[in-house]
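# Overview (structure and organization)
Chain by chain, the residues:
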Amino acid sequence: MGRASRKKHGQRARRTASTTSTGVSGGDDPRTLGEEALGRLLRSNKPGQLSLAGAYAFGYGELGHAQQEGTAPGWYQEVDPLDALFLGTAWPGKFRDGFEFANARDAWLRLLHGTVQGKGIQRFVREAVSASEDLGMPVDDGHVMLALAGRLEAAGLDRRRLPRRLLPRTALEGCRAVYGPSPDLCLPDPPESAEELIRGFWEELEAASSADDTPRAILRNGLRRFHEAGLPVEEESGVLLPALYAALLAKPGELLENVDEHASAWALSLDDASTLSPVLDILLVAPELEISVADALGHLFAVPAFTESIPSEALLWTSSPGLALPRLAFELGIAKVSTRGTEITPDLLDWVGMHTRMRLSSAGLAETDGSEGTDDLQEEPGEQWAERREVVRDAVLRKVRKKSGGPADMARRSGCPVERIWNADGNSVVRISTDAPRGQELLESLRGQRHDFREKFGRDPEPGDPLFFDPGADEPTRLTKEYFDNMMLEMAERAMEEGIDPAYIHAWREVGYVVTEETRSMFTAAEVLAFSRAVARHQQAGE
């Protein structure tokens, strides 16, 4: 980009900052300081020669300019300060959608981990959360994002340039998270016993064990569901990856037509070093190379990870904007991050990721602005991969739509008295039959809560009133997370007296939910595995 273009970009960013801080005066106002800092950073940085603070200024300017011009893709509404920083390092490069952006962001952050620049990212996260707390606003609020620019210079994040080799265009060249598996990927030779293993795989399709946490077992469960929905599970290798994802991570409300996109985004989000990546790479390239289902299974059985426990890092969705900053904040010991959507705590991170991916897909936001005259971050190899994948996806979906237009949850109803009803936007309602003993107990508990509410406030609860309220408040006030945490700690201390393993209470507190035999059908396989592994960790720790 030439000097004139940089000047124009800086002017646009400063106009955006000025608009954001309209009505604010005074040299000590954080937003005024942020506007002034943006101007300095945009003048002292240029593409290819960026500090972390300068990258943030360029990313902030891109967000503001795209919004003013009406060219912002929908996923721009989901970004937070760390996303803006990464967007600035890649500018003027573009991303196909929010999923590709998030995977590229995470791959880039992994490259910086443990380096001097990685420590700078940690400082950036601390400054972003501190700015949010000081202003009493969400970390992704426009006022906070403007004020943050003024803090970055004081934090020293404008003093060290990012080496060109660490900028996304160079650092992510050929990266699996952006470009997909290598075109030269060499598939492992099937073992000599492949035919027997494949035959056993299909014979066990009807007798899947919920206790088996291997990719083999989870894929088998997904294919069983797809088979029951009438999909060609033995004919189309393009159904293998969606089947694995559907059985592991997909919420029942996810539309079937979105499952392939979500599955690919999830598969590419994993680090190259993950033991599961070779398994996912086979599933990704099988339809592209027109490998049959049987041959794909043969290659899978040659990978040890296919028959080993699925790694914990694969149980979380990370392929959305807005997830990296809170995740890094939690690693730094920060207990919570306030966003426009909700206050995120470690146990809510996966829930937030689920809602974000559902929002992006259901709103049809996974498109770029198609602007001409800009460089695309993803060049020829990635374009070829994306094009081939879309061709395969469309071919499979044509067959899928003929069979089913419903959600991804194609398992038969279990008849369980406790079930969760999901909507396509990620929201759900728990339904408990009052004919069951558990339903009767809950009904009596709710009646008791209504009685306590009337006793406390002298009236019946109205719409919007919390039925479970803070007993120490003068007005109906929802119970806080701190209240629940303290309550569960007290429960854990008394658990042994009640004949309960306290590890279950500690696991509940850690992941944010509890899985029982009665409620197991309400959770995804990933959630069940996350809870059971948390229980095992706390049992091993003697808690």
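Residues numbered from 1 in each chain as written. Predicted model: local features only at pLDDT ≥ 70, side-chain atom pairs only at ≥ 80, totals over all residues. Heavy atoms only, no water.

## Comments concerning the overall build of the protein chain
How we decide: Secondary structure counts use DSSP, requiring at least four H or I residues in a row for a helix and at least two E residues in a row for a strand, with both numbered from the N terminus. Whether a residue is buried, partly exposed or exposed follows from its accessible area with a 1.4 Å probe, protein chains only, as a fraction of its type maximum: under 20%, in between, or over 50%, in that order. With residues, only the protein chains shown are counted as cover, and all accessible areas are computed by Shrake-Rupley using a 1.4 Å probe.
Summing up its helical and strand segments, the protein chain has 22 helices and four strands in all. Put simply, the protein chain has 543 residues, and 49% of those count as buried. Total accessible area on the protein chain is roughly 25,900 Å²; 47% of this is exposed by carbon and sulfur atoms.

## Things to note about helix H5 (residues 98-112)
Rules: Multiplying one less than the number of residues by 1.5 Å gives the expected span of a helix. Pairing of N or O atoms within 3.5 Å defines a polar contact, subject to two protein rules: one partner must be a possible hydrogen donor and the other a possible acceptor, and residues neighboring in sequence count only if both atoms are side-chain atoms.
With 15 residues, H5 should reach 21 Å at 1.5 Å per residue; the first-to-last C-alpha distance of 21 Å fits that figure. Most of H5 is tucked away, with 13 of its 15 residues classed as buried. Capping of H5 at its N-terminal end is provided by Asp-97; its side-chain oxygen lies 3.1 Å from the backbone amide nitrogen of Phe-99. Backbone geometry just after H5 places Gly-114 at a positive phi near 85 degrees.

## Structural notes on helix H6 (residues 116-135)
Going by this rule: We call two residues in contact when some of their heavy atoms are within 4.5 Å.
Its 20 residues give H6 an end-to-end C-alpha distance of 29 Å, which sits within 8% of 28 Å, the value for a rise of 1.5 Å per residue. Among the residues of H6, Gln-117, Gly-118, Gly-120, Ile-121, Phe-124, Val-125, Glu-127, Ala-128, Val-129, Ala-131 and Ser-132 are the ones counted as buried. Its buried side turned inward, H6 meets helix H3 (52-69), helix H4 (81-90), H5, helix H7 (142-152), helix H16 (324-331) and strand E1 (337-338). Residue Thr-115 occupies the N-cap position of H6, its side-chain oxygen lying 3.3 Å from the main-chain nitrogen of Gln-117. Just downstream of H6 lies Gly-136, where phi reads positive at about 65 degrees.

## Describing the nonpolar core
What counts, and what does not: In these notes, a set of buried Ala, Val, Leu, Ile, Met, Phe, Trp, Tyr and Cys residues joined through side-chain atoms within 4.5 Å is what counts as a nonpolar core.
Within the largest apolar cluster, 118 residues are counted, with the highest numbers of intra-cluster contacts made by Tyr-56, Trp-108, Ile-121, Leu-219, Leu-223 and Trp-266. When residues in this core are grouped by element, the largest group, nine residues, is from H3. In contact with Trp-266, not counting residues within four places along its chain, are Leu-241, Leu-244, Tyr-245, Leu-248, Leu-249, Leu-276, Leu-280, Ala-314, Leu-316, Trp-317 and Ser-319. Val-511, Tyr-513, Val-515 and Met-522 belong to the second-largest nonpolar core, a separate cluster that totals eleven residues.

## Some thoughts on the packing of aromatic side chains
Put simply, the test is: For Phe, Tyr and Trp, where Trp contributes only its six-membered ring, two rings pair if their centres lie within 6.5 Å, and the inter-plane angle classes them as stacked under 30 degrees, edge-to-face over 60, or tilted in between. Counted as over-ring charges are cases with an Arg CZ or a Lys NZ within 6 Å of the ring centre that also lie within 35 degrees of the ring normal.
Overall, the coordinates contain 18 aromatic pairs when judged by the stated rule. Centre to centre, the rings of Tyr-56 and Tyr-60 are 6.4 Å apart; their planes meet at 45 degrees, and the pair counts as tilted. Taken as a pair, Tyr-56 and Tyr-60 lie in helix H3 at a separation of four residues, close to a single helical turn. By relative accessible area, which is 0% here, Tyr-56 ends up buried. Owing to a relative accessible area of 7%, Tyr-60 belongs among the buried residues under this scheme. Between Phe-95 and Phe-101, the aromatic rings sit 5.3 Å apart at their centres with planes inclined by 85 degrees, giving edge-to-face as the arrangement. By relative accessible area, Phe-95 is classed as buried at 4%. For Phe-101, a relative accessible area of 0% puts it in the buried group. Members of the aromatic cluster, each reached through a chain of ring pairs, are Trp-75, Tyr-76, Phe-86, Phe-95, Phe-101 and Trp-108. Residue placement shows Arg-357 over the ring face of Trp-317; its charged tip is 4.8 Å from the ring centre.

## Points about the side chain of Glu-78
Tracing the chain through its elements places Glu-78 in the loop between H3 and H4. When its relative accessible area of 15% is taken as the criterion, Glu-78 is described as buried. Beyond its immediate stretch of four places on either side in the chain, Glu-78 contacts Asp-83, Pro-321, Gly-322, Thr-356, Arg-359 and Leu-360.

## A short note on the packing of helix H14 (residues 277-285) against helix H15 (residues 293-300)
The criterion, for reference: In this analysis an axis means a line fitted to C-alpha atoms, helices contributing only their contacting stretch, and an angle means the value between N-to-C directions, from 0 to 180 degrees. If an angle is under 35 degrees, it is roughly parallel; if it is over 145, roughly antiparallel; if it lies from 65 to 115, roughly perpendicular; otherwise it is oblique. In this scheme the handedness of a crossing depends on how the near helix is turned from the far one: anticlockwise by less than a right angle means left-handed, clockwise means right-handed. Charged residues are taken to be Asp, Glu, Lys and Arg, nonpolar residues to be Ala, Val, Leu, Ile, Met, Phe, Trp, Tyr, Cys and Pro, and polar residues to be all remaining types, Gly included.
Where H14 meets H15, the closest approach of the two axes is 10 Å, and the angle between their N-to-C directions is 165 degrees. Considered as vectors, H14 and H15 are oriented roughly antiparallel to each other. As for the relative orientation of H14 and H15, their crossing is right-handed in sense. Residue-level contacts link Val-279, Ile-282 and Leu-283 of H14 to Ala-296, His-299 and Leu-300 of H15. Considering only residue class, the contact of H14 with H15 consists of five nonpolar, one polar and no charged.

## Regarding the environment of Trp-75
Considering the arrangement of structural elements, one finds Trp-75 in the loop between H3 and H4. Taking C-alpha positions, Trp-75 is 9.4 Å from Phe-101, a pair spaced 26 residues apart along the chain.

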